[in-house]
Amino acid sequence: MNLEKYSHLAFFNGLDIHAIQFLEPFFAPQTWVAGTTVFEQGDYAEHLYLVVNGEVAIRYKPEDGAIMTITRVQPGGIFGWSAAMGNPTYTSSAVCTLDSEILRIRGNELRSLCDKHPELGTVILNRLAGVIAERKQSKQQGQLKTILANGMGKASKN
């Protein structure tokens, strides 16, 4: 695999060619057809994923409600950050909504790289922090919308 052809992705922005070449053996390309479930909520969190082409819907199922689409990850976006953070399981499901080309890296390998190479680790952690903050905000807004919609639906029936 030639990771240099993926250097346009936001995840790799700011990394020089040597850093990208260093990361190359850790990333594996994957292609999935629309409708493929990449992982389910509650599955063992093993990989972090980068969308090259296509789209992946991140879906969350609260204990007391219906499945909600939290976000749609577009080319350049990342998902599966539970693996990168060392969480034991994924907190949401990921489903390809379009045929998709994706890069994946094992979360434990990424964490090890960050520990052994602090400068590179700082760049990677900054990218992950941005995604986590965005996803948390989107998830909370989605939950609030569902609660409001359910409440409004009940109120209109009374």
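See above for the structure.
Rules behind the numbers
Residues numbered from 1 in each chain as written. Predicted model: local features only at pLDDT ≥ 70, side-chain atom pairs only at ≥ 80, totals over all residues. Heavy atoms only, no water. Buried < 20%, exposed > 50% of the residue type's maximum accessible area, 1.4 Å probe, protein only. Helix = DSSP H or I, 4+ residues; strand = E, 2+ residues; numbered from the N terminus. Arc of directions from axis to C-beta. Pairing = 2+ DSSP bridges. Contact = heavy atoms within 4.5 Å. Axes fitted to C-alpha atoms, helices over the stretch in contact; angles between N-to-C directions. Polar contact = N/O pair within 3.5 Å; in protein donor to acceptor, adjacent residues only side chain to side chain. Salt bridge = Lys/Arg side-chain N within 4 Å of Asp/Glu carboxyl O.

**Overview of helix H3 (residues 107-116)**
- Where H3 is concerned, the buried positions are Gly 107, Leu 110, Leu 113 and Cys 114. Down the axis of H3, the sector holding all buried residues measures 125°, keeping them to one side. In H3, the exposed positions angled more than 90 degrees off the buried face are occupied by Asp 115 and Lys 116.

**Considerations on the sheet that holds strand S6 (residues 78-79)**
- Read from one edge of the open sheet, 4 strands run S1-S8-S3-S6, paired in antiparallel fashion. Only two strands of the sheet have a single neighbouring strand rather than two, namely strand S1 (28-32) and S6.
- As judged from the 6 bridges shared by strand S3 (residues 47-53) and strand S8 (residues 100-106), these two strands associate in the antiparallel manner. Bridge pairing in S8 links Tyr 49 to Arg 104.
- In the packing of H3 onto the sheet, contacts are made with S3 and S8, and the angle to S8 comes to roughly 60°.

**Examining the side chain of Glu 101**
- Its location among the elements puts Glu 101 in strand S8.
- Looking at Glu 101, its side chain comes within polar contact range of the side chain of Tyr 6, at 2.9 Å.

**Things to note about the pattern of salt bridges**
- According to the stated counting rule, one finds 2 salt bridges in the structure shown.
- A salt bridge links Glu 46 to Arg 106, with the nearest nitrogen and oxygen atoms 1.9 Å apart. A residue pair is termed long-range when its members are at least 10 positions apart, and Glu 46 in the loop between strand S2 (37-39) and S3 and Arg 106 in strand S8 qualify at 60 residues.
- Of the residues examined, Glu 46 reaches a relative accessible area of 29% and is grouped as partly exposed.
- Taking the relative accessible area as the measure of exposure, Arg 106 reaches 33% and is therefore partly exposed.
- Put simply, Arg 72 and Glu 55 hold a salt bridge, and the shortest N to O gap is 3.5 Å. Here the residue Arg 72 occupies a position in strand S5 (residues 68-73), and Glu 55 occupies one in the loop between S3 and strand S4 (56-60), the gap between them amounting to 17 residues.
- The class of Arg 72 is partly exposed, set by a relative accessible area of 42%.
- Overall, the relative accessible area of 12% leaves Glu 55 in the buried class.

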